[in-house]
Amino acid sequence: MDKLQALRAFMDVAQTGGFSKAAQRRGVATSSVTRLIDGLEASLGVALLTRSTRQVALTDAGAAYLEQITRLLSDLEEADGSVSDGGAEAIGPLRVSVPVTFGRLCLGPYIADFLRAHPRVSLDLVLSDAYVDLAVERIDVSVRIGVPENQPQLIVRALAEHRRYVVASPKYLGCHGTPARPEDLGLHECLRYAYQHQPGPQRWSFLRAGEELGVEVNGRLAANNGDMLRDAALHGAGIALLSQWLVEDDVQAGRLQRLFAEYEINPREHRVSVHAAYLPNRRHSRKVQAFIEFLAQCLAPGMKKAPGP
């Protein structure tokens, strides 16, 4: 049995939840993955997986073993990559996690430029609004939006500020009136971004001249996608708090009207930013640093678009 191949097969089965899916990921027959896992369990003398006709699940021993080998394989990959990826030229596969709308609207127009500038890098973009586990998902760089978390196991680099506008369509304002003060939002239909574990009313924070005002807002529509909220606002469903990049063109064209322009506005905390996160064992990777520099250029002042919900 090839122990290294068996470990990688076990990780793939655990991540995909099945032998056939793991085999597809590895480009081999399902029987090959099964033989590797059987050999690994036999050598350890313990069951790592429970199997049924419908699903495959980790045993307690398997979960503990997965945590250990995930770190081991990640370090091994980095050691292999550092041999060729520590020089002046970025080389090798690069796996990047990015928020869905950011990837579609803000990275998409520039990806070709990055690939042309780094012809020996192959890019695998994982579009997800979830904060993925970089080690488990084998992510080299994760682009994140919000307040940078204090995570000692990650290196975080701020890339750009993240500004938001409160907007509504002329149709909605014509029917329901234009709020004169942030406090008036309590009388309006507010279209809210659905943050996880935050049902019900939401608090929008207005900051001006160092003074902060919190306003509780509510409405009949919440969604975990900025595009959906933008469309609803355009069609007169209510007042929305959305990223500048998402609605700037609509404001300029008159399709949406910006409210409370004199305030800095956020749905929760201030100090919100766009930032890149990566594991410490990637700090010397030329391809990681090249991509982060590319992101910083894309989000530099004067660029029209910057990411966020």
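It should be noted that the structure appears before, not after, this text.
So, here's what we can say about the structure. (Residues numbered from 1 in each chain as written. Predicted model: local features only at pLDDT ≥ 70, side-chain atom pairs only at ≥ 80, totals over all residues. Heavy atoms only, no water.)

## Here we look at the overall build of the protein
Of regular secondary structure, the protein possesses nine helices and 15 strands. Burial analysis of the protein (309 residues in total) assigns 44% to the buried set. Residue pairs at least 24 apart in sequence account for 74% of intrachain contacts in the protein once pairs closer than 6 positions are excluded. A total accessible area of about 15,700 Å² is found for the protein, and carbon and sulfur atoms account for 50% of it. (Helix = DSSP H or I, 4+ residues; strand = E, 2+ residues; numbered from the N terminus. Buried < 20%, exposed > 50% of the residue type's maximum accessible area, 1.4 Å probe, protein only. Contact = heavy atoms within 4.5 Å. Areas by Shrake-Rupley, 256 points an atom, 1.4 Å probe, with all protein chains shown as cover.)

## Things to note about the pattern of salt bridges
Taken as a whole and assessed by the stated rule, the structure comprises 18 salt bridges. In this structure, Asp184 and Arg181 form a salt bridge, with 3.5 Å as the shortest nitrogen-oxygen distance. Exposure remark for Asp184: the relative accessible area of 18% places this residue in the buried category. Counted as one network, the salt bridges with shared partners bring together Asp12, Arg25, Arg26 and Arg138. (Salt bridge = Lys/Arg side-chain N within 4 Å of Asp/Glu carboxyl O.)

## A closer look at the nonpolar core
Formed by 42 residues in total, the largest nonpolar core has its most connected members in Phe102, Leu107 and Phe291. It is helix H9 (residues 286-298) that contributes the most residues to this core, eight residues altogether. Excluding its chain neighbours within four sequence positions, the residues that come into contact with Leu107 are Val98, Phe102, Leu125, Phe291, Phe294 and Leu295. Residues Ala6, Phe10, Ala23 and Tyr65 belong to the second largest nonpolar core, which totals 20 residues. (Core = buried A, V, L, I, M, F, W, Y, C linked by side-chain atoms within 4.5 Å.)

## Quick word on the packing of aromatic side chains
The tally for this structure, following the rule as stated, stands at six aromatic pairs. Ring geometry for Phe206 versus Tyr263: centroids 5.6 Å apart, planes at 85°, classification edge-to-face. Here the residue Phe206 occupies a position in strand S9 (residues 202-208), and Tyr263 occupies one in the loop between strand S13 (257-259) and strand S14 (264-266), the gap between them amounting to 57 residues. Both residues of the pair, Phe206 and Tyr263, count as buried. On the basis of an interplanar angle of 50° and a centroid distance of 5.4 Å, the ring pair of Phe291 and Phe294 is categorised as tilted. Residue Phe291 and its partner Phe294 are both found in helix H9; the two are separated by three residues, about one turn of the helix. Judged by relative accessible area, which is 0%, Phe291 ranks as buried. Feature note: the residues Phe114, Phe291 and Phe294 constitute an aromatic cluster, connected by ring pairs. Here the guanidinium or amino end of Arg144 rests over the ring plane of Tyr131, the centre of that ring lying 4.5 Å away. Lying across the ring of Tyr165, Arg258 places its NZ or CZ 3.7 Å from the centre. (Phe/Tyr/Trp six-rings, centres within 6.5 Å; stacked < 30°, edge-to-face > 60°. Lys NZ or Arg CZ within 6 Å of the ring centre and 35° of its normal.)

## Considering the pairing of strand S7 (residues 164-168)
Most of S7 is tucked away: five of the five residues are buried. Across the two faces of S7 the burial is the same, with Arg164, Val166 and Ala168 and Tyr165 and Val167 all buried. By the bridge criterion, four bridges tie S7 to strand S12 (residues 239-243) in an arrangement that is antiparallel. Bridge assignment links Val166 to a residue of S12, and that residue is Leu241. Pairing of S7 with S13, which is carried by three bridges, proceeds in the antiparallel orientation. Pairing of Val166 across the sheet is with Leu259, part of S13. (Pairing = 2+ DSSP bridges.)

## Considering the sheet that holds strand S4 (residues 121-127)
Hydrogen bonds between backbone groups are what pair the strands of a sheet, and the pairing can be parallel or antiparallel. The five strands lie next to each other as S4-S3-S5-S15-S6, forming an open sheet whose pairing is mixed. A strand with exactly one partner marks an edge of an open sheet, and here the two such strands are S4 and strand S6 (155-161). Averaged over all pairs of adjacent strands, the angle between their axes in this sheet comes to 25°, without regard to strand direction. In terms of strand pairing, strand S5 (residues 141-146) meets strand S15 (residues 273-278) through five bridges, oriented antiparallel. Following the sheet pairing, Ile145 is matched in S15 by Val274. Relative to the sheet, helix H5 (residues 100-117) contacts strand S3 (92-98), S4 and S5, its axis offset from that of S4 by approximately 175°. (Axes fitted to C-alpha atoms, helices over the stretch in contact; angles between N-to-C directions.)

## As for the sheet that holds S9
Strand order in this open sheet of three strands is S10-S9-S14, and the pairing throughout is antiparallel. Here the strands that pair on one side only, and so sit at the sheet edges, are strand S10 (211-217) and S14. Recorded for the sheet is a direction-independent mean angle of 20° between the axes of neighbouring strands.

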